[in-house]
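# Close look at the chain arrangement
Each chain is listed here by its residues.
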Amino acid sequence: MASNIVFLPFRRTHPVSLSASIRQYISTKYDQHPDMFVRDMDAIDKLRVDAVNSLEAHTSGIRKLTAYAAQLVWMGGKFPIDIGADFSWYPALGFNTQRPISQNNLRFELVNVLFNLASLYSQLAVSLNRSTSDGLKSACNYFCQAAGVISHIKTVIIPDMRSSPPEDMDTMTLESIQQLLLAQAQECFWSKAVKDGLKDGLIAKLAAKVSDFYDQAAEYGTKSDIISTEWIHHMTAKQHHFAAAAQYRASRDCLDKQNYGEEVARLRDSLTCANEALKESRWINRIVLGDLNGLKSRVSEDLKRAEKDNDVIYLMPVPPKSELKTLDRAGMATARVPQEVSDPSSTLGEGGIYGQPLFAKLVPYAVHIAASIYEERKNRLVNVSIIDELEGLTNQLKDLLQSLNLPGSLQALEKPLGLPPSLTTHAEEIRQQDGLHRLRRSMHETSKLKANDTTIYQEGVDLLRSEAVEDDRAKLKHGTDRWSRQPSQQAADKLYAQVSEIDGYLKSAASSDELVTTKLKECEKVLNVLSGSDRDIEEYVPSSRRAVMPPNVQHAAGDLRNMLNEVSRLESRRKRQIEKMRDKAKQDDINQVILAETARLEREFPMQKIEPAQFENLFEERLERYEGDQKSIAKEKEEQDQILSQLRQSNTAFANARKGDTSTREREQALQRLENAYVKYKEIISNLNTGRKFYNDLAKIVNRFRDECKNFAYQRRIEAGQLESELSNAMSALNLSQATSLQEQKQRESLRSHYSAKGLSSEPLTAPTPTRAAVQPPTAPAPGMWNPEMGIKFGGVTTPQQPPANGTVHNPAYPNTRAKGGQWDANQGLRFG
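The rules we used
Residues numbered from 1 in each chain as written. Predicted model: local features only at pLDDT ≥ 70, side-chain atom pairs only at ≥ 80, totals over all residues. Heavy atoms only, no water. UniProt positions renumbered as here; feature names shortened; annotations may be inferred. Helix = DSSP H or I, 4+ residues; strand = E, 2+ residues; numbered from the N terminus. Buried < 20%, exposed > 50% of the residue type's maximum accessible area, 1.4 Å probe, protein only. Contact = heavy atoms within 4.5 Å. Areas by Shrake-Rupley, 256 points an atom, 1.4 Å probe, with all protein chains shown as cover. Patch = residues over 30% accessible without salt bridge, like charges linked within 9 Å, V, L, I, M, F, W, Y side chains within 5 Å. Salt bridge = Lys/Arg side-chain N within 4 Å of Asp/Glu carboxyl O. Lys, Arg positive; Asp, Glu negative; His and termini not counted. Charge placed at Lys NZ, Arg CZ, Asp CG, Glu CD. Expected span 1.5 Å × (residues − 1). pLDDT = per-residue confidence, 0-100. Axes fitted to C-alpha atoms, helices over the stretch in contact; angles between N-to-C directions. Parallel < 35°, antiparallel > 145°, perpendicular 65-115°, else oblique. Left-handed = near helix turned anticlockwise from the far one by under 90°. Nonpolar A, V, L, I, M, F, W, Y, C, P; charged D, E, K, R; others polar.

Per an unreviewed UniProt entry, the protein chain goes by BRO1 domain-containing protein and derives from Letharia lupina. For the record of the protein chain, the UniProt heading Sequence similarities (unreviewed entry) holds the text "Belongs to the palA/RIM20 family."

Have a look at this one:
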């Protein structure tokens with residue numbers, strides 16, 4: 001830090017083609033073609049490049065950052081938060097500033113852009129000339145805006161991220177940064193007040209508030225794992241510094257008011273605060289330290305003067321610190337969120353400073369969600385509340401007819417020979433539809449769909465299992481301490497939840513399939529008869545003797561036939577009603593209505609984010625068209641109850657009239673078996689259609705599940721490879737250091753054993769006698785070069801051919817010492833005079 005205030009560093013990022021992800025998403029999720037938005041995609045890429053490259057303290061960067069941020073907010077209403085672009089940003093603070101964090105999250109991109117905007121504001125404040133009043137005023141404004149952006153990130157953007165924020169944007173870190181920026185804004189205002197020569201009492205209040213801001217910043221900083229100790233020492237020193245400055249200014253105010261005793265007390269407290277600040281002198285920069293020493297010197301001088309004057313002249317009592325009135329605070333710095341950040345919609349559109357919003361003609365993503373929500377509610381209302389109720393009533397009719405052995409008993413009596421017309425019609429229908437072959441073919445197709453879904457699902461499960469095995473193997477290899485990433489089930493908890501969910505679907509469907517197979521086995525033989533010719537059916541149905549029905553039996557049979565005809569009309573009407581409801585639901589397309597409502601919302605509430613919840617009133621109004629159909633269910637039930645009651649009475653009368661007549665019993669049973677088989681045939685067809693639709697819908701789910709498993713396994717393998725590489729590098733460095741340490745240890749042990757081995761001998765060691773191989777003297781040695789035959793000589797420079805006459809050499813280092821010339825004898829050792 002080269003100043004008495006600090007600034008936020010910028011965050012860095014890698015290039016990202018946001019337009020490529022947008023193009024891919026539009027082409028797969030929207031009905032509109034992505035080529036309609038080529039200009040918009042080029043524009044968003046240019047906005048990002050301009051924004052992420054604004055890494056210098058210049059006011060032009062404000063427009064670039066806020067313009068891109070405004071478009072990101074607007075796009076949040078058009079696209080989902082995970083649009084498919086991986087944004088990588090390097091933290092600005094902490095210990096991992098060289099390791100990027102990547103997220104597929106538009107809010108993650110926005111929070112980093114806004115953090116750089118706050119950094120830019122803080123750096124603009126530091127770059128200003130704060131020796132003038134205008135410079136201090138502008139710096140204060142920039143710091144307040146920086147604090148406002150941090151506050152907006154903390155309270156608005158991060159809660160809407162739907163993922164973990166970056167590690168240097170946790171709550172404690174952002175709180176500490178915000179309080180630090182406010183402290184520096186208040187400090188600029190305090191400096192301006194001093195420069196403008198305002199009253200000491202007001203300056204004391206301003207300084208006290210500066211101290212409070214720094215105190216809160218330091219307190220939050222100690223709770224953060226990111227704020228550096230350098231910043232914490234800086235904030236602590238500044239806190240005590242401005243506490244001392246506040247008391248000093250308050251003492252001057254006391255002097256003006258002739259409160260000499262209180263003046264002395266406040267100066268003493270000021271000196272104490274200054275000394276507390278100087279305890280941080282080892283960790284703060286020289287500018288802050290110089291300010292502290294200057295303040296302490298001034299306070300010390302004034303304290304000596306005040307104590308002397310009070311002791312000699314005024315003789316006023318000096319109150320203890322506990323009795324001093326707490327200084328009032330005058331807070332002039334507040335977190336101000338720039339309008340471009342708090343209300344980005346005001347910067348876009350007609351009259352907006354950043355032009356038209358991008359992708360304005362693209363139908364918002366929320367509209368598609370709203371349409372799907374309405375479709376789901378409509379289908380649930382129509383299918384469950386109306387169609388299922390009607391089909392349930394019809395099934396009650398069929399169950400009653402089977403329990404009463406109708407219409408078989410009546411047909412056997414009315415037509416003792418041949419086949420009843422209704423049975424002939426049913427048989428013809430089965431023959432045209434290829435009866436049993438159709439059922440078996442449909443069941444085979446359903447089985448293939450089920451097998452395909454099961455195979456795809458199993459592929460996804462196998463991918464998860466193999467990934468978990470790889471993770472466990474790596475964890476066993478490296479240990480849980482070093483292999484610290486999340487276990488597979490925690491990292492993909494949603495996928496593992498889908499495993500059991502889809503498995504439940506398949507088991508439930510298998511149970512239904514077995515039920516359908518059982519139904520077919522029960523009626524297969526009779527259906528085979530119905531699928532044959534009329535002669536085959538006549539052979540199956542025994543004829544009874546033609547007999548004249550007594551009048552009472554004829555009357556009861558007529559009443560029963562009328563009731564059966566009424567039941568048939570009710571079934572036919574109900575079938576038409578169900579088809580009509582299906583057509584009505586199919587034609588109920590709400591897309592155009594939702595688009596019109598979206599246009600109204602965008603017109604009345606410009607740039608407001610469109611949410612599905614805004615269409616709730618439209619949904620309720622739209623679904624009112626089905627209230628009449630729901631109310632008709634009660635009438636249908638009431639009418640059916642009356643018909644069933646009358647049918648039971650007519651059947652009872654018919655049975656009583658025929659008491660004792662067993663001539664048609666076998667024919668009745670055969671006809672009833674054929675009728676029941678036809679009903680089962682229709683049920684099985686309906687069940688198979690439902691099953692086929694179920695497996696087709698399940699195919700989309702299992703395909704998406706498998707693709708997500710593939711992506712998860714791929715990402716985990718990349719992550720594992722990076723982690724393996726980091727651990728390998730760390731282990732290589734550790735092995736190298738261990739090898740070096742081991743080698744040094746072996747050398748020391750070797751030397752130690754060498755000396756200790758020689759030390760075991762009690763006899764003194766004899767020095768070895770040096771020997772020299774006989775060599776021929778050089779014929780012409782170079783001048784000044786030492787020759788082994790010359791020996792070692794001390795003293796002045798002489799030639800070997802001319803030794804001193806007295807044979808001695810004088811050593812100037814030891815004037816009283818003389819040494820013999822010639823060769824040095826190692827056996828004589830060294831002697832000092």
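### Quick word on the overall build of the protein chain
For the protein chain, the helix and strand inventory stands at 23 helices and four strands. Within the span of the protein chain, comprising 833 residues, buried residues form 41% of the whole. Looking at the protein chain alone, contacts between residues at least 24 apart form 81% of all its contacts between residues at least 6 apart. By element, 51% of the accessible surface of the protein chain is carried by carbon and sulfur atoms, the whole surface being about 46600 Å².

### Regarding a negative patch on the surface
Side chains of Glu-620, Glu-621, Glu-624 and Glu-627 sit close together on the surface and give a patch of like negative charge. In this structure, Glu-624 sits in the loop between helix H21 (616-623) and helix H22 (627-657).

### Comments concerning helix H15 (residues 435-478)
Over its 44 residues, H15 runs 64 Å from end to end, which matches the ideal 64 Å to within 8%, given 1.5 Å per residue. Looking one or two places after H15, you find Gly-479, whose phi comes out positive at around 90 degrees.

### Here we look at the confidence of the model for the protein chain
Summary statistics for the protein chain give a mean pLDDT of 83 and a share of 83% for residues scoring 70 or more. Residue range residues 769-780 is modelled with pLDDT below 50. Its contacts to residues more than four positions away, or to other chains, number two contacts. The model gives residues 795-821 a pLDDT under 50, and that stretch makes 19 contacts with residues more than four places away or in other chains.

### Focus on helix H6 (residues 171-195)
Structurally, the α-helix is built with 3.6 residues per turn, so residues lying three or four positions apart point the same way. In this model H6 runs 36 Å from its N-terminal to its C-terminal C-alpha over 25 residues, within 8% of the 36 Å that 1.5 Å per residue would give. Judged by how many residues are buried, H6 sits mostly within the fold: 18 of 25 residues are covered. The positive-phi residue at the C-terminal boundary of H6 is Gly-197, with phi of around 70 degrees.

### As for the environment of Val-702
Looking at the secondary structure, you find Val-702 in helix H23 (residues 665-759). The exposure class assigned to Val-702 is buried, which follows from its relative accessible area of 0%. As a C-alpha pair, Val-702 and Ile-456 span 246 residues in sequence and 6.2 Å in three-dimensional space. Those residues within four positions of Val-702 in sequence are excluded, and the remaining contacts are Asp-453, Ile-456, Tyr-457 and Ile-502.

### What about the UniProt feature "coiled-coil region" (unreviewed entry) in the protein chain?
The feature "coiled-coil region" (unreviewed entry), as annotated in UniProt, sits at residues 553-580 in this numbering. Helix makes up 100% of residues 553-580 and strand 0%. Its end C-alpha atoms lie 40 Å apart.

### As for a nonpolar patch on the surface
Nonpolar side chains collect at one region of the surface, where Val-312, Ile-313, Tyr-314 and Met-316 lie side by side and expose about 380 Å² of accessible area between them. Assignment of secondary structure puts Tyr-314 in helix H10 (residues 286-314).

### Brief notes about the side chain of Thr-236
For Thr-236, the position within the fold is in helix H8 (residues 229-256). Each residue touching Thr-236, except ones within four places of it in the same chain, is listed here: Ala-218 and Glu-280.

### Some words on unusual backbone geometry
Although it is not a glycine, Arg-162 sits at a positive phi angle of roughly 65 degrees. Positionally, Arg-162 belongs in the loop between helix H5 (133-157) and H6. A positive phi angle, close to 60 degrees, is found at Phe-359, a residue other than glycine.

### Regarding the packing of H8 against helix H9 (residues 260-278)
In contact at an axis separation of 8 Å, H8 and H9 are set at 165 degrees when each is read in the N-to-C sense. The orientation of H8 with respect to H9, classified from their angle, is roughly antiparallel. Handedness of the crossing formed by H8 with H9: left-handed. Contacts from Ala-237, His-240, His-241, Ala-243, Ala-244, Gln-247, Tyr-248, Ala-250, Ser-251, Cys-254 and Leu-255 of H8 reach H9 at Tyr-260, Glu-262, Glu-263, Arg-266, Leu-267, Asp-269, Ser-270, Cys-273, Ala-274, Glu-276 and Ala-277. In the contact of H8 with H9, the residues fall into twelve nonpolar, five polar and five charged.

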